[in-house]
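Observations on the model geometry
If you want the building blocks of each chain, they are given just below.
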Amino acid sequence: MVIKKEISGSQSLKHQNVNISVFIVIERNKFDEGLAALRSIRRQSYRFWDLNLLLEQGIDSERIEALKRFHPLQIIFFKSLLSIAIKLNRLVSLSIGEYLIFLKKEERFTKNALLKISKAIISKSPDLIYTDSAMKTGKAIKEIPFYKPDYSPDMLLAKNYFSSAVIYRKSLFNQIGGILSESMGSWEYDLNLRFAEKTKRIYHLKEILCKRLKPENFELLKQDDLVVLNSALKRRFIQGQVLASKSPGTYRVKRKIADNPLVSIIIPFKDCPGLLRKCLDSILERTTYFNFEIIAINNQSTKPETFELMIEYSARDERLSFYEYDKPFNYSEINNFGVELAKGSQVLLLNVDIKIITPQWIENLLEHSQRPEVGAVGAKLYYPNETVQHAGIFLGLCGIAGHSHKNWPRQNPGLNNRISVIQNVSAVTGACLMVKKELYRKIGGMDKVFAINCNDVDFCLRLRQLGYLNVFTPYCEAYHSESKVLGYNVTVARQNVYWREVESFRQRYRKILRQGDPFYNPNLFCGNEQFQTKRWYRCNFKWQMKEILGQKIPWFLSCYRKILKIGNNF
């Protein structure tokens, strides 16, 4: 029987109607861990909650009596892990809360977690809330923060990034049938996926409210996850298969290509015959997808070698055609010109300084570009020195927008595996970008106002404003010798163009820039493209300054002494 809790006078009246039911499963051999999780609820400053325990049979009576001191409390016993789903559903039916939290035995809430959750419920009225979290590892209890993006449907199919202490609306929980027995050990992942299929009211609370002790099998691949993801594909009528990815605990939904549409690859170039040859060779020799055409656009080339190359490759493959664009360079206008020449239903913008790595690169872009809800799809690009050049574009980095994990080692999966999974991003680089031709035309193509800079970001943001998802896939890989054709902004004229276009971008997207990138996180540092936490950056900055000062102060003092010595000799 649930005992009605005494309401603390310190609680605001506006929180009185938000009742939260907390559920904890306590196993016989993990009793102390479960008790610690329970105590983190007991310490909450917010008081409108009820506690529901699922205890394994065989726990001694003294411990059970100790648990009964926690009020309000409901206890149900279970014999085996197979019965957990049924028992938890029964507990939910007996609970009094409007929202539900399933707290794992290794999880601990911060003191004001439920208070902040209740405020979010009142202000946002969501069906599901997830928060940032932290992992505690080792005897030193070092915390590894997990700063999450806002709701990213493609990332949720790649891993259960909601992870710790998700808050569910009880009415929707009942509507979708509660916890399913067939989901086995991945019932929380399954619950998140089914909630996401029924509601768009998913809210990300951008604070670390839950800290988790690292379980022994945290990095192991869960077979139950594959079952849950395959069930999600069937419910969503997605033709494809679920594969384990390179990073443990993450997955790849590989979608089937429908009808093998013609893909038009658009490559603008001006001289640089060496780069053009490498680019074309990598496409023609490595690409496994046959149904494509290459539209190479010559923008006022002058070198004889370039024209010789054009003649050579025109005869080499009938899928390759060269066109002349005899106007001053404008990246947006050249690509718009190329799209009008394209015969394919899919267009793929490609820089001449790209060298393809992945043989199935077109398929891996096309599987997402063919989806009706997707706008632009981008690849994972590397510098020739095997470091990351592009893994999605995020707003606000370095003032305007920046590339994710720039200069990280190629084999590094990124912070919390961010660059090793398919995910949604605000924008992708135009250096390798696929989009439906119909959609490209629908938004008016690329804006000629952005002749050199910001054109791809502007293009992707206009797609986002129409409700389309932009997708980054790490399964399309290529080398990108950035700015080999135009060079960097070293001249005064180029710098003036850069700042003029940047200012135009700022004016157009002032509100969006002020709000921040939904797929980044305000707890991450925006001053560079390294995906560093603000806390790490502050500590590292202090350490670097200490090192600099430690080296410079003795040097300065020695110079000062020499100056004094010289002065004394006059």
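Just so it is clear, the structure is predicted and the values come from calculations on it, not from any experiment. (Residues numbered from 1 in each chain as written. Predicted model: local features only at pLDDT ≥ 70, side-chain atom pairs only at ≥ 80, totals over all residues. Heavy atoms only, no water.)

1. Some thoughts on the overall build of the protein chain
Tallying secondary structure elements over the protein chain gives 17 helices and 23 strands in all. Within the protein chain, buried positions represent 54% of all 570 residues. Here the contacts in the protein chain between residues at least 6 apart in sequence split such that 77% fall between residues at least 24 apart. (Helix = DSSP H or I, 4+ residues; strand = E, 2+ residues; numbered from the N terminus. Buried < 20%, exposed > 50% of the residue type's maximum accessible area, 1.4 Å probe, protein only. Contact = heavy atoms within 4.5 Å.)

2. Examining the nonpolar core
If you look at the biggest cluster of nonpolar residues, it comprises 49 residues, and the most contacted ones within it are Leu 433, Tyr 440, Phe 459 and Phe 505. Considering each element in turn, this core owes the most residues, 5 residues, to helix α14 (residues 455-465). Among all residues touching Phe 505, those that are not within four sequence positions of it are Leu 395, Ile 400, Phe 450, Cys 454, Val 457, Asp 458, Leu 461 and Leu 513. Core analysis: the second largest hydrophobic core is formed by 42 residues, Ala 85, Leu 229, Ile 238 and Tyr 251 among them. (Core = buried A, V, L, I, M, F, W, Y, C linked by side-chain atoms within 4.5 Å.)

3. Describing helix α4 (residues 113-124)
Compared with an ideal rise of 1.5 Å per residue, which puts 12 residues at 16 Å, α4 spans 16 Å between its outermost C-alpha atoms and is within 8% of the ideal. All buried positions along α4 are accounted for by Ala 113, Leu 114, Leu 115, Ile 117, Ser 118, Ala 120 and Ile 121. One or two residues past the end of α4 sits Ser 125, with phi positive at roughly 50°. (Expected span 1.5 Å × (residues − 1).)

4. Some remarks on empty space enclosed by the protein
What the rule picks out here adds up to 2 cavities of 30 Å³ or more. The space that makes up the largest cavity amounts to roughly 50 Å³. If you trace the largest cavity, you find it lined by Asp 154, Leu 157, Ala 158, Tyr 251, Val 253, Arg 255, His 368 and Ile 422. A per-class count over the lining of the largest cavity returns 5 nonpolar, 1 polar and 2 charged. Volume-wise, the second largest cavity comes out at about 40 Å³. (1 Å grid on protein atoms, 1.4 Å probe; cavity = no way out; pocket = protein on both sides within 12 Å on 5 of 7 lines; lining within 4 Å. Points joined across faces, edges and corners; volume = space filled by probe spheres on them. Nonpolar A, V, L, I, M, F, W, Y, C, P; charged D, E, K, R; others polar.)

5. Observations concerning the packing of aromatic side chains
In the structure shown here, the tally under the stated rule is 17 aromatic pairs. An aromatic cluster is present here, built from Phe 23, Phe 102, Tyr 168, Phe 173, Trp 187 and Phe 195 joined pairwise through their rings. Taking NZ or CZ as reference, Arg 252 lies 4.2 Å from the ring centre of Tyr 475, over its face. For Arg 410, the ring lying beneath its charged end belongs to Tyr 382, and the centroid distance is 4.7 Å. (Phe/Tyr/Trp six-rings, centres within 6.5 Å; stacked < 30°, edge-to-face > 60°. Lys NZ or Arg CZ within 6 Å of the ring centre and 35° of its normal.)

6. Some points on the pattern of salt bridges
Summed over all chains, the structure comprises 28 salt bridges. Salt-bridge contacts for Asp 150 lead to Lys 206; the nearest nitrogen and oxygen are separated by 3.2 Å. Of this pair, Asp 150 sits in the loop between β7 (142-146) and α5 (153-158) while Lys 206 sits in strand β9 (residues 202-213); the two residues are 56 residues apart in sequence, bridging distant segments of the chain. Here Asp 458 and Arg 508 are joined by a salt bridge, their closest N and O atoms 2.8 Å apart. Of this pair, Asp 458 sits in helix α14 while Arg 508 sits in helix α15 (residues 492-508); the two residues are 50 residues apart in sequence, bridging distant segments of the chain. (Salt bridge = Lys/Arg side-chain N within 4 Å of Asp/Glu carboxyl O.)

7. Some words on the pairing of strand β15 (residues 346-350)
Burial analysis of β15 places 5 of its 5 residues in the buried class, which makes it a mostly covered element. Here β15 shows two buried faces, one formed by Gln 346, Leu 348 and Leu 350 and the other by Val 347 and Leu 349. Here strand β12 (residues 263-269) pairs with β15 via 4 bridges, running parallel. Along β15, the bridge assignment pairs Ser 264 with Val 347. Pairing of β15 with strand β22 (residues 432-436) involves 5 bridges; the strand directions are antiparallel. (Pairing = 2+ DSSP bridges.)

8. As for the side chain of Arg 371
Within the secondary structure, Arg 371 sits in the loop between α12 (361-369) and β17 (374-382). A distance of 2.9 Å separates the side chain of Arg 371 from the side chain of Glu 373, its partner in a polar contact. The contact partners of Arg 371, leaving out residues within four places of it in the chain, are Asp 154, Arg 255, Lys 436, Leu 469 and Val 471. (Polar contact = N/O pair within 3.5 Å; in protein donor to acceptor, adjacent residues only side chain to side chain.)

9. Regarding the packing of helix α9 (residues 273-286) against helix α10 (residues 304-316)
Running from N to C, α9 and α10 point in directions that differ by 15°, and their axes come no closer than 10 Å. Comparing their axes, α10 and α9 come out roughly parallel. Crossing geometry of α9 relative to α10 is assigned as left-handed. Taking contact as the criterion, the partners of Pro 273, Leu 276, Arg 277, Leu 280, Asp 281, Leu 284 and Glu 285 in α9 are, on α10, Glu 305, Thr 306, Leu 309, Glu 312, Tyr 313 and Arg 316. Class assignment of the residues belonging to the contact of α9 with α10 gives a composition of 6 nonpolar, 1 polar and 6 charged. (Axes fitted to C-alpha atoms, helices over the stretch in contact; angles between N-to-C directions. Parallel < 35°, antiparallel > 145°, perpendicular 65-115°, else oblique. Left-handed = near helix turned anticlockwise from the far one by under 90°.)

Read these as geometric descriptors, not functional statements.
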